[in-house]
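Structural features, examined
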Amino acid sequence: RRFNVAVVGATGAVGETMLSILAERKFPVAEIIPLASERSAGSEVEFDGRKVRVQDLATFDPKDVDIALFSAGGSVSREYAPKFAAAGAVVIDNSSAFRYEDDVPLVVSEVNPEAARQRPRGIIANPNCSTMQMLVALAPIHREYGIERINVATYQSVSGAGRSALEELGRQTAGILNFQDPAPQRFPVQIAFNLIPHIDEFLDNGFTKEEMKLVWETRKILGDDGIQVNPTAVRVPVFYGHSEAVAIETRKKVTVEQARELLARSPGVEVVDERKPGGYPTPVTHASGRDAVYVGRIREDLSHPRGLNLWIVSDNIRKGAALNAVQLAELVAAEG
Ligand code: A2P
């Protein structure tokens with residue numbers, strides 16, 4: 001069977017990658033329907049080597065859509081995802097609009113694929129990019145050794161904030177090298193040659209919403225409300241690929257050798273852990289444009305008897321967003 005697949009936000013950084021990954025993985029597409037706002041309706045995007053015209057989401061009738069991949073922000077999802085689901089489509093939503101609702105499954109394809117089958121509202125939520133890559137690596141360790149606590153600092157690339165953020169980093173970098181004022185627009189302060197310890201809005205507890213996503217989503221996806229997560233989320237001047245310095249505390253001690261061996265046979269993970277210059281993953285050398293979650297710098301915590309440190313890097317637009325969404329679509333397609 002082939003499926004009519006809509007991509008909502010098809011002109012964006014994630015939407016464009018959804019289109020290319022659907023083609024690359026030979027998803028059984030009958031008709032591809034790129035949707036965006038009125039601004040880019042009528043323009044063309046590429047799918048499988050041909051040009052396809054973008055339609056206006058606001059006036060589009062979803063009745064013939066089988067599967068809809070949404071990546072156009074939370075407010076678009078809140079308004080249109082229920083309409084697509086009511087018209088019979090399975091919605092795979094990359095925004096945070098429905099992630100924390102009990103009747104919407106939140107699924108990482110390698111971690112809890114079975115959860116995607118239970119979707120009373122016709123919506124499956126795609127996790128936040130930082131949680132996604134962290135759990136591809138940590139879920140196997142949690143299953144065997146029981147993770148009690150996670151300390152994580154993220155180093156998140158600008159592509160996670162969309163196309164305009166990619167443009168801002170490029171423009172500021174070139175501008176500053178030419179002695180121009182950085183003129184921040186998309187980020188609150190200069191991002192080129194800088195770091196910003198602030199992603200998404202501030203909440204009452206002093207954490208940002210991006211940080212709390214790591215807490216809420218880890219518990220929901222692993223189905224374990226007892227896991228403690230202490231996050232700091234930082235935006236860095238990298239174009240593609242998020243990195244994470246992760247320190248876990250486990251119930252049962254896990255050695256470096258055991259962790260390496262376990263991760264090496266875990267789906268979606270590649271261990272890059274040679275203790276020499278360049279023997280570790282970075283966004284540019286390993287993650288950007290690739291599908292795997294790369295893990296390196298595995299070492300035992302000097303300050304805790306059951307602590308392990310890991311460095312986790314992945315392409316936030318691919319595994320962190322578009323790839324997982326397409327993998328969820330593949331799970332739905334496999335149901336028949
Ligand atoms: P558009 O090109 O019409 O602005 P990014 O995250 O890279 O900024 O991309 C956001 C995506 O979401 C784009 O494809 C954008 O389309 C789309 N989008 C934003 N607002 C709307 C809206 N109100 N209706 C439909 N699509 C939207």
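All of the points below concern the structure found in this document. The structure presented is a predicted model; accordingly, all values stated were derived computationally and were not measured.

Topic: the pairing of strand β14 (residues 307-314)
Across the eight residues that make up β14, a large majority, eight, are buried. Of the two faces of β14, the one lined by G307, N309, W311 and V313 and the one lined by L308, L310, I312 and S314 are each fully buried. In this structure, strand β11 (residues 242-250) lies alongside β14, joined through eight bridges in antiparallel fashion. Bridge pairing links E249 to G307 in β14. In this structure, strand β13 (residues 293-300) lies alongside β14, joined through six bridges in antiparallel fashion. Directly across from V293, in β14, lies its bridge partner S314.

A closer look at the nonpolar core
Grouped together as the largest cluster of nonpolar side chains are 56 residues, with contacts concentrated most on F84, L138, I141, I150, V246, I248 and L310. With nine residues, the top contributor of residues to this core is helix α3 (residues 129-145). With 45 residues, the next largest nonpolar core counts V7, A23, I32 and A333 among its residues.

Considering the packing of α3 against helix α5 (residues 209-222)
The interhelical angle for the contact between α3 and α5, taken along N-to-C directions, is 40°, at an axis separation of 10 Å. Taken together, the axes of α3 and α5 lie oblique to each other. By crossing handedness, the relation of α3 to α5 is classed as right-handed. Note on element contacts: α5 touches α3 through E210, K213, L214, E217, T218, I221 and L222, opposite C129, S130, T131, M134, L135, A139 and H142. A per-class count over the contact of α3 with α5 returns seven nonpolar, four polar and three charged.

Some words on the site of the ligand
As a matter of local geometry, the ligand sits amid 15 residues, with T11, A13, S37, R39 and S40 nearest to it. Here G9 contributes a backbone N or O atom positioned 3.1 Å from an oxygen atom of the ligand. Within the backbone of G12, an N or O atom sits 3.0 Å from an oxygen atom of the ligand. The protein chains hide 70% of the 580 Å² of surface that the ligand would expose on its own. In the shell around the ligand, the residues fall into six nonpolar, seven polar and two charged.

Structural notes on the packing of helix α1 (residues 13-24) against helix α8 (residues 318-334)
Between α1 and α8, the shortest axis-to-axis distance is 9 Å and the interhelical angle comes to 50°. Of the possible angle classes, the one that applies to α1 and α8 is oblique. Relative to α8, α1 is oriented so that their crossing is right-handed. On α8, the residues touching V14, T17, M18, I21, L22 and E24 of α1 are R318, A321, A322, L323, A325 and V326. Here the contact of α1 with α8 is built from residues that sort into nine nonpolar, one polar and two charged.

Quick notes on the layout of surface pockets
Estimated volume of the largest pocket: approximately 1,200 Å³. For the lining of the largest pocket, the elements supplying multiple residues, two or more each, are α1, α2 (74-86), α4 (163-177), α5 and α8. Grouping the constituent residues of the lining of the largest pocket by class yields 15 nonpolar, 20 polar and ten charged.

Considerations on the sheet that holds strand β8 (residues 123-125)
Pairing is parallel in the open sheet, where six strands are placed in the order β5-β2-β1-β6-β7-β8. The open sheet is flanked by β5 (55-56) and β8, the only strands paired with a single partner. Docked against the sheet, α1 engages β1 (3-8), β2 (29-36) and β6 (67-70), running at close to 155° with respect to β1. Running over the sheet, α8 touches β1, β6, β7 (90-93) and β8 and is turned about 165° from β6.

So, the sheet that holds strand β9 (residues 147-156)
Strand order across the open sheet formed by six strands is β10-β9-β11-β14-β13-β12, with mixed pairing between neighbours. Where the open sheet ends on each side, the last strands, each with one partner, are β10 (228-235) and β12 (269-271). Neighbour-to-neighbour, the strand axes of this sheet turn through a mean angle of 20°, independent of strand direction. Against the sheet, α5 touches β9 and β10, its axis set at about 145° to β10.

Digging into the pattern of salt bridges
Should their charged atoms come close, side chains of opposite charge can pair. Using the criterion set out here, one finds 25 salt bridges in the structure. A salt bridge links R25 to E330; the shortest N-O distance between them is 2.8 Å. Placement of R25 in the loop between α1 and β2 and of E330 in helix α8 is noted, with a sequence separation of 305 residues between them. The class of R25 is partly exposed, set by a relative accessible area of 32%. With a relative accessible area of 24%, E330 lands in the partly exposed category. Where E44 meets R53, a salt bridge forms, and the shortest distance between an N and an O atom there is 3.7 Å. Given a relative accessible area of 45%, E44 falls into the partly exposed group.

Thresholds, definitions, all that
Residues numbered from 1 in each chain as written. Predicted model: local features only at pLDDT ≥ 70, side-chain atom pairs only at ≥ 80, totals over all residues. Heavy atoms only, no water. Buried < 20%, exposed > 50% of the residue type's maximum accessible area, 1.4 Å probe, protein only. Helix = DSSP H or I, 4+ residues; strand = E, 2+ residues; numbered from the N terminus. Pairing = 2+ DSSP bridges. Core = buried A, V, L, I, M, F, W, Y, C linked by side-chain atoms within 4.5 Å. Axes fitted to C-alpha atoms, helices over the stretch in contact; angles between N-to-C directions. Parallel < 35°, antiparallel > 145°, perpendicular 65-115°, else oblique. Left-handed = near helix turned anticlockwise from the far one by under 90°. Contact = heavy atoms within 4.5 Å. Nonpolar A, V, L, I, M, F, W, Y, C, P; charged D, E, K, R; others polar. Near = heavy atom within 4 Å. Polar contact = N/O pair within 3.5 Å; in protein donor to acceptor, adjacent residues only side chain to side chain. Areas by Shrake-Rupley, 256 points an atom, 1.4 Å probe, with all protein chains shown as cover. 1 Å grid on protein atoms, 1.4 Å probe; cavity = no way out; pocket = protein on both sides within 12 Å on 5 of 7 lines; lining within 4 Å. Points joined across faces, edges and corners; volume = space filled by probe spheres on them. Salt bridge = Lys/Arg side-chain N within 4 Å of Asp/Glu carboxyl O.

These values are about where atoms sit, not about what they do.
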